[in-house]
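# Coordinates in review
Listed below, chain by chain, are the residues.
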Amino acid sequence: MASILIDWGTSTIRAYRLDGAGSVSERRRLARGLASYSGPRDFRASFDELTAGWRPAPVLLSGMVGSRQGWVEAAYAACPARLADLAGALTPVPGVADAHIVPGLATVAASGAPDVLRGEEVQVFGAQQHAGQSESAAGATDALVCLPGTHSKWVRVADGAIAGFATAMTGEVFATLRQYSLLAATTIDGEIEPGAHAFAEGLAWAGRPGGLLHHLFAARTRPLREGMDAAAASAFLSGLLIGHEVAALAGDASEVILVGDPALCRLYEVALAARGAATVTVTVDAEQATVAGLTALAALL
């Protein structure tokens, strides 16, 4: 049966129309931030715009549309969770026939802190589907999946179920330090090259004594005392943060599946390789993972 898949993020909404064979026949995109919505009518207006001419096909929505600030809150499901568990915990959209929101997931991380994700659960299952098409062992039912981003997620998959996860605010901290902290004077905005010498230095420094809070000040003092330019200082800062994240959350995994923007995933590939404790077997684009995950979920309904 033809269906409609919607990935409703914080700033962008992407909609996909599937044909009867389960292939994407049409895509639509709407750039509207979640903060701009004042109530259900606003969400319904965006929904109608995205699905005009596509209905009455059934609709699956994932992402921040199901958050407390979204259209309707979809309760978090507990870990461990399989794809079938998500299918059994969908939240109907009030006033919209045959439209359901995928629940996020909640867990308690190894640190004892409560942790949540919303939208990434679909990407993890989609990445597993994608990885299973390769000859790599990453397609097995046990895996460590990393989704780098503003809030990076490290997700453990065991026996085909999401067993738990941990979040690192790496991307947000990087942006905040570059824009609003003392380090704004010594860094610049711009894409970080994975082959940059300063990025590799940051990764190496992450393994030194002293801890992250001490290491961060080096992004200020190295430009002052060693003549490091702003571009290099930015790469160094990125390496520091990603290096500490990988050291804390990659564990002793022999394989990691990366899901996200290819350029950002490449930085994590370099970080994992530099650490020597993990081999990245496959990188999956975030959009591909989302579509694959929602398609697999739709097939269970």
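The shown structure was predicted, so the numbers you read here are calculated from the model rather than taken from an experiment. Once a new chain begins, its residue numbering starts again from 1 and follows that chain's sequence as written. Given that the model is predicted, a residue must reach a pLDDT of at least 70 before its local features are reported, and side-chain atom pairs must reach 80 or more before they are shown or counted; all residues, however, enter totals for whole chains, interfaces and linings. Working from all heavy atoms in the structure, the side-chain values ignore hydrogens and water.

## Points about the overall build of the chain
Stated formally: Counting from the N terminus, the helices are DSSP H or I runs at least four residues long and the strands are E runs at least two residues long. Restricting the calculation to C-alpha atoms gives the radius of gyration, and the globule rule supplies 2.2 Å times the number of residues raised to the power 0.38. Burial classification: accessible surface area is computed with a 1.4 Å probe over protein chains only, and a residue below 20% of its type maximum counts as buried, one above 50% as exposed, and the rest as partly exposed. By definition in these notes, contact holds between two residues if any of their heavy atoms fall within 4.5 Å.
Assigned secondary structure in the chain consists of 10 helices and 14 strands. Taken against the 2.2 N^0.38 rule, which gives 19 Å for 301 residues, the C-alpha radius of gyration of the chain at 20 Å falls within 12% of a compact globule. Over its C-alpha atoms, taken along the principal directions, the chain stretches across nearly 65 × 40 × 35 Å. For the chain, with 301 residues in total, the buried portion stands at 48%. Expressed as a percentage of contacts within the chain between residues at least 6 apart in sequence, the contacts between residues at least 24 apart total 63%.

## Structural notes on the packing of aromatic side chains
So the rule is basically this: Geometry of aromatic contacts follows a simple scheme: Phe, Tyr and Trp rings, the Trp one being its six-membered ring, pair when their centres are within 6.5 Å, and the pair is stacked under 30 degrees between planes, edge-to-face over 60, tilted otherwise. Two limits define a charge over a ring: the Lys NZ or Arg CZ must be within 6 Å of the ring centre, and within 35 degrees of the ring normal.
The final tally for this structure, using the stated rule, is seven aromatic pairs. Taken together, the aromatic side chains of Trp 8, Tyr 37, Phe 43, Phe 47 and Trp 71 make up a single cluster linked through ring pairs. Here Arg 118 stacks its cationic end above the ring of Tyr 76, 4.3 Å away from the centre of that ring. The residue whose ring lies beneath Arg 222 is Phe 236, and the NZ or CZ to ring-centre distance is 4.9 Å.

## Observations regarding the side chain of Lys 153
Keep this limit in mind: Think of it this way: Lys and Arg go in the positive column, Asp and Glu in the negative one, and His and the chain ends go nowhere. The working definition used for a salt bridge is a side-chain nitrogen of Lys or Arg within 4 Å of a carboxyl oxygen of Asp or Glu. Between N or O atoms, a polar contact is any pair within 3.5 Å; within protein, one atom must be a potential hydrogen donor and the other a potential acceptor, and residues adjacent in sequence are included only when both atoms are from side chains.
Along the chain, Lys 153 turns up in strand β11 (residues 152-158). Among buried Asp, Glu, Lys and Arg side chains, Lys 153 stands out as unpaired, with Asp 115 the closest opposite charge at 4.2 Å. Here the side chain of Lys 153 touches Val 116 through a polar contact of 2.7 Å, landing on its backbone oxygen.

## Concerning the sheet that holds strand β9 (residues 114-117)
How we decide: In this description, strands pair whenever DSSP reports at least two bridges between them.
Within the open sheet, the three strands sit side by side as β5-β8-β9. Their pairing is mixed. If you trace the sheet from one side to the other, it starts and ends with β5 (77-78) and β9, each paired once.

## Structural notes on the sheet that holds strand β3 (residues 24-31)
Strand-to-strand pairing in sheets goes through backbone hydrogen bonds, with the strands running parallel or antiparallel. Operational definition: Here an angle of 0 to 180 degrees is reported between the N-to-C directions of two axes, which are lines fitted to C-alpha atoms, with helices fitted over the stretch in contact.
Read across the sheet, six strands follow the order β3-β2-β1-β4-β7-β6 without closing on themselves; strand pairing throughout is mixed. Two strands bound the open sheet, and with one partner strand each, they are β3 and β6 (91-92). Where strand β2 (residues 12-18) lies against β3, seven bridges are found, and the strand directions are antiparallel. The residue of β3 that forms the bridge with Leu 18 is Val 24. Packing of helix α1 (residues 40-51) onto the sheet brings it into contact with β1 (3-8), β2, β3 and β4 (59-63), and relative to β3 it is tilted by some 145 degrees. Along the sheet, helix α10 (residues 286-298) makes contact with β1, β2, β3 and β4, crossing β1 at roughly 135 degrees.

## Remarks on unusual backbone geometry
Here Arg 55 and Pro 56 are connected by a cis peptide whose omega angle stands at 20 degrees. Even without glycine at this site, Asp 98 takes up a positive phi of about 55 degrees. Turning to its location among the elements, Asp 98 is positioned in the loop between β6 and β7 (99-101). Backbone geometry at Asp 159 places phi at a positive 55 degrees, although glycine is not the residue there. If you trace the backbone, Asp 159 turns up in the loop between β11 and β12 (161-168).

## Quick look at the environment of Phe 165
Residue placement: Phe 165 occurs in strand β12. Between the alpha carbons of Phe 165 and Asp 115 there is a distance of 7.5 Å; along the sequence they are 50 residues apart.

## Structural notes on the packing of helix α8 (residues 230-249) against helix α9 (residues 262-275)
Going by this rule: Oblique is the label for every angle not falling under 35 degrees (roughly parallel), over 145 degrees (roughly antiparallel), or within 65 to 115 degrees (roughly perpendicular). By definition, turning the near helix anticlockwise from the far helix through less than a right angle yields a left-handed crossing, and turning it clockwise yields a right-handed one. Gly is put with the polar residues, along with every residue not named as nonpolar or charged; the nonpolar set is Ala, Val, Leu, Ile, Met, Phe, Trp, Tyr, Cys and Pro, and the charged set is Asp, Glu, Lys and Arg.
Following both chains from N to C, one finds α8 and α9 inclined at 60 degrees, their axes separated by 10 Å at the closest point. It follows that α8 is oblique to α9 by the angle criterion. In this structure, the crossing between α8 and α9 has a hand that is right-handed. Only Leu 267, Tyr 268, Ala 271, Leu 272 and Arg 275 of α9 make contact with α8, whose side of the interface consists of Ser 238, Ile 242, Glu 245, Val 246 and Ala 247. Class assignment for the residues of the contact of α8 with α9 results in seven nonpolar, one polar and two charged.

## Side note on the side chain of Arg 178
Mapped onto the secondary structure, Arg 178 falls in helix α4 (residues 170-180). Of the polar contacts made by the side chain of Arg 178, one reaches the backbone oxygen of Ile 188; its length is 3.1 Å. Setting aside chain neighbours within four positions, we find Arg 178 in contact with Ala 184, Thr 187, Ile 188, Asp 189, Gly 190, Ser 234 and Leu 237.

## Here's the deal with the pairing of strand β13 (residues 255-259)
Within β13, four of the five residues are buried, leaving the element largely enclosed by the surrounding structure. Here strand β10 (residues 143-147) pairs with β13 via two bridges, running parallel. The residue bridging Cys 146 from the neighbouring strand is Leu 258, located in β13.

Spatial relationships are all this shows, so hold off on functional conclusions.
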